[in-house]
Amino acid sequence: MIRLAMIVLLTTLAACGADAPPMTPNANVGLSMGSGGIGTYGSVGASNGRVSVGVGL
C-alpha cells in the first residue's frame, strides 16, 4: 500500500506544472538622489508571464 501511495504521489508531483512555462528570474538594482540624500534600492523575483512574485530590498 505504501508503494502505491508513493507512486501516486510522485506521479502527481511530476505532472504538476508540466504544461506551464518556466519561471524567469529577474533583478533590479538602482541608486537615487534627492533632497534627503542618496539612496539605494533593489528587487528580486520571478515571473512566467501570468504570475509574478518578487521581493523589494
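Residues numbered from 1 in each chain as written. Predicted model: local features only at pLDDT ≥ 70, side-chain atom pairs only at ≥ 80, totals over all residues. Heavy atoms only, no water.

(A) Spotlight on the sheet that holds strand β1 (residues 24–34). The three strands lie next to each other as β1-β2-β3, forming an open sheet whose pairing is antiparallel. Because the sheet does not close on itself, it has two edges, and the strands there are β1 and β3 (52–56). When strand polarity is set aside, the average angle formed by the axes of neighbouring strands in this sheet is 20°. Relative to strand β2 (residues 37–47), β1 runs antiparallel, the two being bridged by 11 bridges. By the bridge assignment for β2, Pro-25 is matched with Ala-46. (Pairing = 2+ DSSP bridges. Helix = DSSP H or I, 4+ residues; strand = E, 2+ residues; numbered from the N terminus. Axes fitted to C-alpha atoms, helices over the stretch in contact; angles between N-to-C directions.)

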